[in-house]
Amino acid sequence: MIFSYGVTNAGKTHTIIGTKEDPGILPRSLAILNQVKDFIDKNCHNPNAILDLGEFEFAMSSVFWLGDDKELKITSANLYFEAFEIYNEDIYDLLPGPIDRKIIGMNKPKLQIKEKENRQIYIKDLNRIEIDSQKNWTALLETCLANRSVGDNNINYRSSRSHTFFKLIMRLNYSSPQMTHHVETTLCIVDLAGAERAKKTTNSGLELAEAGKINQSLMILARCIKALADPNPSTIVPHRDSKLTRILFDYFNENSNLTMIANINPAASDFEESLRVLNYAAQTKEIHPVRSKIDSIRKSVINFPYAALNRSKIIEESTNNDAFSLLDDTVLKGFLEDKENQLLNFEQKLLRRQDTNESNEIVVENLQHKLKQTMQEISEKDEKIQMLEGKKASD
(Lines give C-alpha, C1' and ligand atoms only; values in the text may rest on other atoms or scores of the structure.)
Protein backbone atom coordinates (compact mmCIF):
# COMPACT_ATOMS: atom_id res chain seq x y z
CA MET A 1 0.00 0.00 0.00
CA ILE A 2 1.13 3.54 -0.77
CA PHE A 3 -0.51 6.51 0.91
CA SER A 4 0.20 10.24 0.78
CA TYR A 5 0.05 12.26 4.00
CA GLY A 6 0.36 16.00 4.56
CA VAL A 7 -1.42 19.29 5.15
CA THR A 8 -3.91 20.67 2.67
CA ASN A 9 -2.39 22.17 -0.49
CA ALA A 10 0.85 20.18 -0.06
CA GLY A 11 0.57 18.38 -3.41
CA LYS A 12 -0.80 14.98 -2.33
CA THR A 13 -3.28 14.59 -5.21
CA HIS A 14 -0.68 15.78 -7.72
CA THR A 15 1.72 13.15 -6.38
CA ILE A 16 -0.86 10.39 -6.82
CA ILE A 17 -2.58 11.47 -10.06
CA GLY A 18 -0.19 13.94 -11.70
CA THR A 19 -0.88 15.37 -15.16
CA LYS A 20 -0.80 14.08 -18.74
CA GLU A 21 2.68 15.54 -19.18
CA ASP A 22 3.93 14.36 -15.77
CA PRO A 23 1.91 11.31 -14.60
CA GLY A 24 1.65 10.52 -10.90
CA ILE A 25 2.21 7.29 -9.00
CA LEU A 26 -1.16 5.76 -9.96
CA PRO A 27 -0.83 6.00 -13.79
CA ARG A 28 2.86 5.02 -13.61
CA SER A 29 2.00 1.94 -11.52
CA LEU A 30 -0.73 0.98 -13.95
CA ALA A 31 1.66 1.27 -16.91
CA ILE A 32 4.09 -1.16 -15.26
CA LEU A 33 1.37 -3.64 -14.25
CA ASN A 34 -0.08 -3.51 -17.75
CA GLN A 35 3.34 -4.41 -19.19
CA VAL A 36 3.60 -7.32 -16.75
CA LYS A 37 0.10 -8.54 -17.67
CA ASP A 38 0.81 -8.47 -21.41
CA PHE A 39 4.17 -10.16 -20.82
CA ILE A 40 2.53 -13.00 -18.84
CA ASP A 41 -0.14 -13.52 -21.52
CA LYS A 42 2.51 -13.77 -24.25
CA ASN A 43 4.96 -15.97 -22.31
CA CYS A 44 2.70 -18.34 -20.38
CA HIS A 45 4.59 -21.25 -22.02
CA ASN A 46 8.09 -19.87 -21.46
CA PRO A 47 9.29 -20.02 -17.80
CA ASN A 48 12.69 -18.55 -18.74
CA ALA A 49 11.36 -15.27 -20.16
CA ILE A 50 12.49 -12.02 -18.49
CA LEU A 51 10.88 -8.58 -18.81
CA ASP A 52 13.23 -5.59 -18.55
CA LEU A 53 11.44 -2.75 -16.74
CA GLY A 54 14.39 -0.39 -16.50
CA GLU A 55 15.35 -0.26 -12.82
CA PHE A 56 14.29 -3.87 -12.22
CA GLU A 57 13.36 -7.07 -14.03
CA PHE A 58 10.35 -9.36 -13.91
CA ALA A 59 11.14 -13.06 -14.26
CA MET A 60 8.44 -15.35 -15.61
CA SER A 61 9.82 -18.14 -13.43
CA SER A 62 8.60 -16.28 -10.30
CA VAL A 63 4.95 -16.88 -11.24
CA PHE A 64 5.09 -19.79 -13.68
CA TRP A 65 4.13 -22.50 -11.15
CA LEU A 66 1.78 -22.30 -8.17
CA GLY A 67 3.03 -24.30 -5.20
CA ASP A 68 6.03 -26.56 -4.87
CA ASP A 69 4.40 -29.51 -6.61
CA LYS A 70 4.39 -27.76 -10.01
CA GLU A 71 0.96 -29.14 -10.88
CA LEU A 72 -0.72 -25.78 -11.49
CA LYS A 73 0.75 -23.75 -14.37
CA ILE A 74 -0.03 -20.13 -15.18
CA THR A 75 -2.33 -19.59 -18.17
CA SER A 76 -3.17 -15.87 -18.20
CA ALA A 77 -3.45 -12.65 -16.16
CA ASN A 78 -6.15 -10.02 -15.65
CA LEU A 79 -5.92 -6.45 -14.36
CA TYR A 80 -8.82 -4.88 -12.44
CA PHE A 81 -9.53 -1.46 -10.95
CA GLU A 82 -11.54 -0.36 -7.90
CA ALA A 83 -11.99 3.13 -6.47
CA PHE A 84 -13.94 4.57 -3.55
CA GLU A 85 -13.87 7.50 -1.16
CA ILE A 86 -14.60 8.10 2.52
CA TYR A 87 -16.58 11.33 2.77
CA ASN A 88 -17.94 12.42 6.17
CA GLU A 89 -17.34 8.86 7.45
CA ASP A 90 -19.48 7.39 4.65
CA ILE A 91 -18.09 5.21 1.85
CA TYR A 92 -19.01 5.91 -1.79
CA ASP A 93 -18.09 4.06 -4.99
CA LEU A 94 -16.31 6.25 -7.54
CA LEU A 95 -16.91 3.93 -10.48
CA PRO A 96 -20.14 3.55 -12.44
CA GLY A 97 -22.26 0.45 -12.01
CA PRO A 98 -23.20 -1.96 -14.80
CA ILE A 99 -26.64 -0.33 -15.25
CA ASP A 100 -26.56 3.19 -13.82
CA ARG A 101 -23.61 4.76 -15.67
CA LYS A 102 -23.93 8.17 -14.02
CA ILE A 103 -23.45 9.12 -10.39
CA ILE A 104 -25.00 12.46 -9.58
CA GLY A 105 -24.09 14.46 -6.48
CA MET A 106 -24.58 12.74 -3.15
CA ASN A 107 -27.30 10.42 -4.48
CA LYS A 108 -24.58 7.78 -4.59
CA PRO A 109 -25.44 4.77 -2.41
CA LYS A 110 -23.48 4.43 0.83
CA LEU A 111 -21.39 1.27 1.00
CA GLN A 112 -20.59 -0.86 4.02
CA ILE A 113 -17.44 -2.46 5.38
CA LYS A 114 -17.73 -6.23 5.76
CA GLU A 115 -15.44 -8.94 7.10
CA LYS A 116 -14.64 -12.28 5.50
CA GLU A 117 -14.21 -15.47 7.48
CA ASN A 118 -10.45 -14.95 7.45
CA ARG A 119 -10.99 -11.51 9.06
CA GLN A 120 -9.97 -9.63 5.92
CA ILE A 121 -12.24 -6.68 5.24
CA TYR A 122 -13.90 -5.68 1.99
CA ILE A 123 -16.37 -3.07 0.73
CA LYS A 124 -19.71 -4.67 -0.07
CA ASP A 125 -21.16 -3.99 -3.56
CA LEU A 126 -18.03 -2.13 -4.68
CA ASN A 127 -17.63 -2.12 -8.46
CA ARG A 128 -14.63 -3.89 -9.96
CA ILE A 129 -13.91 -3.16 -13.62
CA GLU A 130 -11.34 -4.88 -15.80
CA ILE A 131 -8.73 -2.73 -17.50
CA ASP A 132 -8.38 -3.95 -21.07
CA SER A 133 -6.90 -0.91 -22.82
CA GLN A 134 -5.36 2.51 -22.23
CA LYS A 135 -8.56 4.13 -23.50
CA ASN A 136 -10.58 2.13 -21.01
CA TRP A 137 -8.22 3.14 -18.17
CA THR A 138 -8.31 6.85 -19.08
CA ALA A 139 -12.12 6.83 -19.03
CA LEU A 140 -12.19 5.07 -15.64
CA LEU A 141 -9.76 7.55 -14.06
CA GLU A 142 -11.66 10.54 -15.45
CA THR A 143 -14.87 9.09 -13.96
CA CYS A 144 -13.21 8.70 -10.55
CA LEU A 145 -11.86 12.25 -10.51
CA ALA A 146 -15.24 13.64 -11.60
CA ASN A 147 -17.11 11.72 -8.88
CA ARG A 148 -14.80 12.41 -5.93
CA SER A 149 -15.70 15.14 -3.43
CA VAL A 150 -13.75 18.39 -3.77
CA GLY A 151 -14.28 21.93 -2.51
CA ASP A 152 -12.91 25.45 -2.53
CA ASN A 153 -11.39 27.21 0.47
CA ASN A 154 -9.05 30.06 1.29
CA ILE A 155 -5.95 27.86 0.84
CA ASN A 156 -6.80 25.47 -1.98
CA TYR A 157 -9.26 26.16 -4.79
CA ARG A 158 -9.71 22.41 -5.41
CA SER A 159 -9.30 20.82 -2.01
CA SER A 160 -10.01 17.10 -1.49
CA ARG A 161 -12.93 16.70 0.91
CA SER A 162 -12.54 12.94 1.22
CA HIS A 163 -9.97 10.16 1.54
CA THR A 164 -9.71 8.42 -1.84
CA PHE A 165 -8.69 4.78 -2.37
CA PHE A 166 -7.48 3.42 -5.72
CA LYS A 167 -6.91 -0.32 -6.06
CA LEU A 168 -5.11 -2.11 -8.89
CA ILE A 169 -5.70 -5.88 -8.68
CA MET A 170 -3.58 -8.33 -10.66
CA ARG A 171 -5.18 -11.77 -10.99
CA LEU A 172 -2.96 -14.69 -12.02
CA ASN A 173 -4.87 -17.66 -13.43
CA TYR A 174 -3.50 -21.20 -13.01
CA SER A 175 -4.78 -24.55 -14.22
CA SER A 176 -3.98 -28.26 -14.45
CA PRO A 177 -5.89 -31.24 -15.88
CA GLN A 178 -7.53 -31.72 -12.46
CA MET A 179 -8.29 -28.20 -11.24
CA THR A 180 -8.05 -24.43 -11.74
CA HIS A 181 -7.06 -21.73 -9.30
CA HIS A 182 -6.28 -18.01 -9.24
CA VAL A 183 -4.19 -15.73 -7.05
CA GLU A 184 -4.80 -12.00 -6.57
CA THR A 185 -2.29 -9.32 -5.61
CA THR A 186 -3.48 -5.80 -4.79
CA LEU A 187 -1.71 -2.46 -5.01
CA CYS A 188 -3.67 0.05 -2.92
CA ILE A 189 -2.88 3.74 -3.44
CA VAL A 190 -4.52 6.20 -1.04
CA ASP A 191 -4.86 9.96 -1.46
CA LEU A 192 -5.61 11.23 2.04
CA ALA A 193 -7.39 14.53 2.52
CA GLY A 194 -5.19 17.14 4.19
CA ALA A 195 -5.50 18.34 7.78
CA GLU A 196 -7.03 21.82 8.00
CA ARG A 197 -7.27 24.67 10.46
CA ALA A 198 -10.51 26.61 10.35
CA LYS A 199 -8.67 29.85 11.04
CA LYS A 200 -6.62 29.49 7.85
CA THR A 201 -9.26 28.04 5.53
CA THR A 202 -12.09 30.31 6.84
CA ASN A 203 -14.44 27.35 6.40
CA SER A 204 -17.97 27.51 7.77
CA GLY A 205 -21.13 25.43 7.66
CA LEU A 206 -20.79 22.22 5.60
CA GLU A 207 -17.11 22.84 4.82
CA LEU A 208 -16.35 23.20 8.53
CA ALA A 209 -18.14 19.92 9.30
CA GLU A 210 -16.17 18.20 6.49
CA ALA A 211 -12.90 19.50 7.92
CA GLY A 212 -13.91 18.24 11.36
CA LYS A 213 -14.46 14.70 10.02
CA ILE A 214 -11.17 14.83 8.08
CA ASN A 215 -9.17 16.04 11.07
CA GLN A 216 -10.81 13.48 13.36
CA SER A 217 -9.97 10.53 11.08
CA LEU A 218 -6.39 11.77 10.60
CA MET A 219 -6.00 12.14 14.37
CA ILE A 220 -7.12 8.52 14.85
CA LEU A 221 -4.68 7.45 12.09
CA ALA A 222 -1.88 9.23 13.96
CA ARG A 223 -2.84 7.39 17.15
CA CYS A 224 -2.78 4.07 15.26
CA ILE A 225 0.66 4.83 13.81
CA LYS A 226 1.94 5.72 17.27
CA ALA A 227 0.52 2.50 18.74
CA LEU A 228 1.97 0.36 15.92
CA ALA A 229 5.38 1.98 16.41
CA ASP A 230 5.28 1.13 20.13
CA PRO A 231 7.52 -1.92 20.76
CA ASN A 232 5.15 -3.03 23.54
CA PRO A 233 3.02 -5.80 21.93
CA SER A 234 0.17 -5.22 24.40
CA THR A 235 -0.47 -1.68 23.12
CA ILE A 236 -4.03 -1.37 21.81
CA VAL A 237 -4.33 -0.07 18.24
CA PRO A 238 -7.60 1.94 17.95
CA HIS A 239 -8.15 1.01 14.28
CA ARG A 240 -11.93 0.55 14.68
CA ASP A 241 -12.47 4.17 15.73
CA SER A 242 -12.82 5.36 12.13
CA LYS A 243 -13.56 3.79 8.73
CA LEU A 244 -10.28 5.13 7.37
CA THR A 245 -8.13 3.30 9.92
CA ARG A 246 -10.26 0.17 9.80
CA ILE A 247 -9.59 -0.15 6.07
CA LEU A 248 -5.93 0.85 6.31
CA PHE A 249 -5.30 -1.56 9.19
CA ASP A 250 -5.77 -4.48 6.79
CA TYR A 251 -2.43 -3.46 5.23
CA PHE A 252 -0.52 -2.99 8.49
CA ASN A 253 0.55 -6.63 8.67
CA GLU A 254 3.63 -8.68 7.89
CA ASN A 255 2.19 -9.87 4.56
CA SER A 256 1.95 -6.31 3.15
CA ASN A 257 4.45 -3.68 2.04
CA LEU A 258 3.66 -0.19 3.36
CA THR A 259 4.97 3.10 1.96
CA MET A 260 4.09 6.56 3.26
CA ILE A 261 4.73 9.65 1.14
CA ALA A 262 5.14 12.74 3.33
CA ASN A 263 4.04 15.83 1.38
CA ILE A 264 5.52 19.05 2.77
CA ASN A 265 4.35 22.57 2.02
CA PRO A 266 7.42 24.87 2.18
CA ALA A 267 5.32 27.86 3.26
CA ALA A 268 6.45 29.32 6.62
CA SER A 269 2.82 29.52 7.75
CA ASP A 270 2.63 25.70 7.61
CA PHE A 271 5.77 25.10 9.66
CA GLU A 272 4.02 23.52 12.67
CA GLU A 273 1.80 21.26 10.53
CA SER A 274 4.76 20.21 8.33
CA LEU A 275 6.81 19.34 11.42
CA ARG A 276 3.94 17.19 12.66
CA VAL A 277 3.79 15.39 9.29
CA LEU A 278 7.53 14.65 9.50
CA ASN A 279 7.10 13.28 13.02
CA TYR A 280 4.34 10.94 11.78
CA ALA A 281 6.60 9.87 8.90
CA ALA A 282 9.39 9.04 11.36
CA GLN A 283 6.96 7.01 13.47
CA THR A 284 5.71 5.16 10.37
CA LYS A 285 9.26 3.94 9.70
CA GLU A 286 9.20 2.32 13.16
CA ILE A 287 5.91 0.47 12.66
CA HIS A 288 5.91 -3.15 13.80
CA PRO A 289 3.70 -5.14 11.38
CA VAL A 290 0.77 -6.94 12.97
CA ARG A 291 1.23 -10.69 12.83
CA SER A 292 -1.91 -12.44 11.67
CA LYS A 293 -2.36 -15.86 13.24
CA ILE A 294 -5.21 -16.54 10.87
CA ASP A 295 -2.94 -16.02 7.87
CA SER A 296 -0.60 -18.85 8.86
CA ILE A 297 -3.52 -21.26 9.31
CA ARG A 298 -5.21 -20.03 6.12
CA LYS A 299 -2.04 -20.71 4.12
CA SER A 300 -1.96 -24.29 5.38
CA VAL A 301 -5.62 -24.80 4.52
CA ILE A 302 -5.19 -23.21 1.07
CA ASN A 303 -2.19 -25.45 0.40
CA PHE A 304 -4.23 -28.54 1.25
CA PRO A 305 -5.77 -28.98 -2.26
CA TYR A 306 -2.25 -29.13 -3.71
CA ALA A 307 -1.24 -31.75 -1.10
CA ALA A 308 -4.36 -33.78 -1.91
CA LEU A 309 -3.70 -33.45 -5.63
CA ASN A 310 -0.13 -34.63 -5.14
CA ARG A 311 -1.41 -37.58 -3.06
CA SER A 312 -3.75 -38.65 -5.90
CA LYS A 313 -0.84 -38.63 -8.32
CA ILE A 314 1.35 -40.72 -5.98
CA ILE A 315 -1.36 -43.34 -5.43
CA GLU A 316 -2.09 -43.49 -9.16
CA GLU A 317 1.58 -44.13 -9.92
CA SER A 318 1.91 -46.81 -7.22
CA THR A 319 -1.31 -48.85 -7.41
CA ASN A 320 0.62 -52.10 -6.85
CA ASN A 321 2.23 -50.89 -3.62
CA ASP A 322 -0.43 -51.25 -0.90
CA ALA A 323 1.99 -50.46 1.91
CA PHE A 324 2.95 -47.14 0.33
CA SER A 325 -0.69 -46.15 -0.26
CA LEU A 326 -1.53 -46.99 3.36
CA LEU A 327 1.39 -44.88 4.56
CA ASP A 328 0.23 -41.97 2.39
CA ASP A 329 -3.30 -42.21 3.84
CA THR A 330 -1.85 -42.14 7.35
CA VAL A 331 0.21 -39.04 6.57
CA LEU A 332 -2.79 -37.27 5.05
CA LYS A 333 -4.96 -38.14 8.06
CA GLY A 334 -2.30 -36.75 10.38
CA PHE A 335 -2.15 -33.57 8.30
CA LEU A 336 -5.91 -33.05 8.64
CA GLU A 337 -5.95 -33.76 12.37
CA ASP A 338 -3.11 -31.32 12.93
CA LYS A 339 -4.94 -28.53 11.07
CA GLU A 340 -8.20 -29.25 12.87
CA ASN A 341 -6.40 -28.97 16.23
CA GLN A 342 -4.85 -25.67 15.16
CA LEU A 343 -8.24 -24.27 14.15
CA LEU A 344 -9.83 -25.48 17.42
CA ASN A 345 -7.11 -23.87 19.54
CA PHE A 346 -7.44 -20.67 17.56
CA GLU A 347 -11.23 -20.56 18.02
CA GLN A 348 -10.77 -20.95 21.78
CA LYS A 349 -8.32 -18.05 21.81
CA LEU A 350 -10.79 -15.95 19.82
CA LEU A 351 -13.54 -16.64 22.36
CA ARG A 352 -11.29 -15.53 25.22
CA ARG A 353 -10.32 -12.44 23.28
CA GLN A 354 -13.97 -11.61 22.53
CA ASP A 355 -14.73 -11.67 26.26
CA THR A 356 -11.95 -9.15 26.80
CA ASN A 357 -13.09 -7.05 23.83
CA GLU A 358 -16.64 -6.75 25.19
CA SER A 359 -15.36 -5.01 28.30
CA ASN A 360 -13.01 -2.87 26.19
CA GLU A 361 -15.84 -1.82 23.87
CA ILE A 362 -17.62 -0.09 26.75
CA VAL A 363 -14.48 1.93 27.47
CA VAL A 364 -14.05 2.73 23.77
CA GLU A 365 -17.67 3.91 23.43
CA ASN A 366 -17.20 6.27 26.38
CA LEU A 367 -14.00 7.63 24.85
CA GLN A 368 -15.67 8.09 21.46
CA HIS A 369 -18.50 10.00 23.10
CA LYS A 370 -16.04 12.28 24.87
CA LEU A 371 -14.13 12.73 21.61
CA LYS A 372 -17.28 13.81 19.75
CA GLN A 373 -18.07 16.29 22.52
CA THR A 374 -14.54 17.69 22.33
CA MET A 375 -14.72 18.03 18.52
CA GLN A 376 -18.05 19.82 18.83
CA GLU A 377 -16.63 22.20 21.43
CA ILE A 378 -13.66 22.92 19.16
CA SER A 379 -15.99 23.68 16.23
CA GLU A 380 -18.07 26.02 18.39
CA LYS A 381 -14.97 27.82 19.60
CA ASP A 382 -13.72 28.19 16.01
CA GLU A 383 -17.03 29.76 15.04
CA LYS A 384 -16.85 32.18 17.99
CA ILE A 385 -13.28 33.12 17.05
CA GLN A 386 -14.36 33.80 13.48
CA MET A 387 -17.24 35.97 14.72
CA LEU A 388 -14.90 37.96 16.99
CA GLU A 389 -12.38 38.39 14.17
CA GLY A 390 -15.18 39.58 11.90
CA LYS A 391 -16.32 42.14 14.48
CA LYS A 392 -12.76 43.42 14.94
CA ALA A 393 -12.36 43.78 11.17
CA SER A 394 -15.62 45.73 10.90
CA ASP A 395 -14.63 47.99 13.84
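About the thresholds
- Residues numbered from 1 in each chain as written.
- Predicted model: local features only at pLDDT ≥ 70, side-chain atom pairs only at ≥ 80, totals over all residues.
- Heavy atoms only, no water.
- Helix = DSSP H or I, 4+ residues; strand = E, 2+ residues; numbered from the N terminus.
- Buried < 20%, exposed > 50% of the residue type's maximum accessible area, 1.4 Å probe, protein only.
- Contact = heavy atoms within 4.5 Å.
- Areas by Shrake-Rupley, 256 points an atom, 1.4 Å probe, with all protein chains shown as cover.
- Core = buried A, V, L, I, M, F, W, Y, C linked by side-chain atoms within 4.5 Å.
- 1 Å grid on protein atoms, 1.4 Å probe; cavity = no way out; pocket = protein on both sides within 12 Å on 5 of 7 lines; lining within 4 Å.
- Points joined across faces, edges and corners; volume = space filled by probe spheres on them.
- Nonpolar A, V, L, I, M, F, W, Y, C, P; charged D, E, K, R; others polar.
- Phe/Tyr/Trp six-rings, centres within 6.5 Å; stacked < 30°, edge-to-face > 60°.
- Lys NZ or Arg CZ within 6 Å of the ring centre and 35° of its normal.
- Salt bridge = Lys/Arg side-chain N within 4 Å of Asp/Glu carboxyl O.

A. Layout of the overall build of the chain. The secondary structure content of the chain amounts to 9 helices and 15 strands. In the chain, which comprises 395 residues, the share counted as buried stands at 39%. In the chain, of all internal contacts separated by at least 6 residues, the share reaching a separation of at least 24 is 65%. Here the chain has roughly 23400 Å² of accessible surface; of this, 52% comes from carbon and sulfur atoms.

B. The environment of Gln35, seen in detail. Inspection of the secondary structure assignment puts Gln35 in helix α2 (residues 25–42). Distance from Gln35 to Leu51, taken between C-alpha atoms, is 8.6 Å for residues 16 residues apart in sequence. Contacts of Gln35, omitting those with residues within four sequence positions, involve Leu51 and Leu53.

C. Broad picture of the nonpolar core. Counting residues in each nonpolar core, the largest one holds 38 residues, and the members touching the most others are Tyr5, Phe165 and Ile247. Secondary structure elements with two or more residues in this core: β1 (2–6), β5 (72–87), β9 (121–123), β14 (180–191), α5 (206–229), α6 (243–248) and α7 (271–285). Tallying contributions element by element places α5 first for this core, with 9 residues. Residues in contact with Ile247, not counting those within four places in the same chain, are Phe84, Ile86, Ile91, Ile113, Ile121, Ile123 and Phe165.

D. Quick look at empty space enclosed by the protein. By the definition in use, this model includes 2 cavities of 30 Å³ or more. Considering the residues around the largest cavity, the lining is formed by Ile86, Tyr87, Asn88, Glu89, Arg161, His163, Lys213, Ile214 and Ser217. If you list the elements that add at least two residues to the lining of the largest cavity, you get β5 and α5. A total of 3 residues in the lining of the largest cavity trace back to one element, the largest contributor, which is α5. Within the lining of the largest cavity, the residues separate by chemical class into 3 nonpolar, 3 polar and 3 charged. Here the second largest cavity defines a volume of roughly 40 Å³. Taken together, Leu221, Cys224, Thr245, Leu248, Phe249 and Phe252 make up the full set of residues lining the second largest cavity. Those elements that place two or more of their residues in the lining of the second largest cavity are α5 and α6.

E. Just the packing of aromatic side chains, in detail. Across all of its chains, the model carries 6 aromatic pairs by this definition. A ring pair is formed by Phe84 and Phe165, whose centres lie 4.7 Å apart and whose planes are at 10 degrees; its orientation type is stacked. Of the two residues, Phe84 sits in strand β5 while Phe165 sits in strand β13 (residues 163–175), which places them 81 residues apart along the sequence. Phe84 gets classed as buried once you look at its relative accessible area, which sits at 0%. Across from the ring centre of Tyr80, 5.6 Å away, lies the NZ or CZ of Arg128, which sits over that ring.

F. Representation of the environment of Leu208. Relative to the assigned elements, Leu208 resides in helix α5. Residue classification places Leu208 among the buried positions, given a relative accessible area of 8%. As for Leu208 and Ser379, which are separated by 171 residues in sequence, their C-alpha atoms are 7.7 Å apart.

G. Quick look at the pattern of salt bridges. With the rule as written, the count across this model stands at 11 salt bridges. Here Arg223 makes a salt bridge to Asp241, at a shortest N to O gap of 3.5 Å. Of this pair, Arg223 sits in helix α5 while Asp241 sits in the loop between α5 and α6, and the two are 18 residues apart along the sequence. We classify Arg223 as partly exposed; its relative accessible area is 35%.

H. Up close: unusual backbone geometry. Even without being a glycine, Asn9 presents a positive backbone phi close to 70 degrees. Relative to the elements of secondary structure, Asn9 occurs in the loop between β1 and α1 (12–16). Even without being a glycine, Asn88 presents a positive backbone phi close to 55 degrees. For Asn88, the position within the fold is in the loop between β5 and β6 (90–93). Residue classification places Asn88 among the partly exposed positions, given a relative accessible area of 23%.

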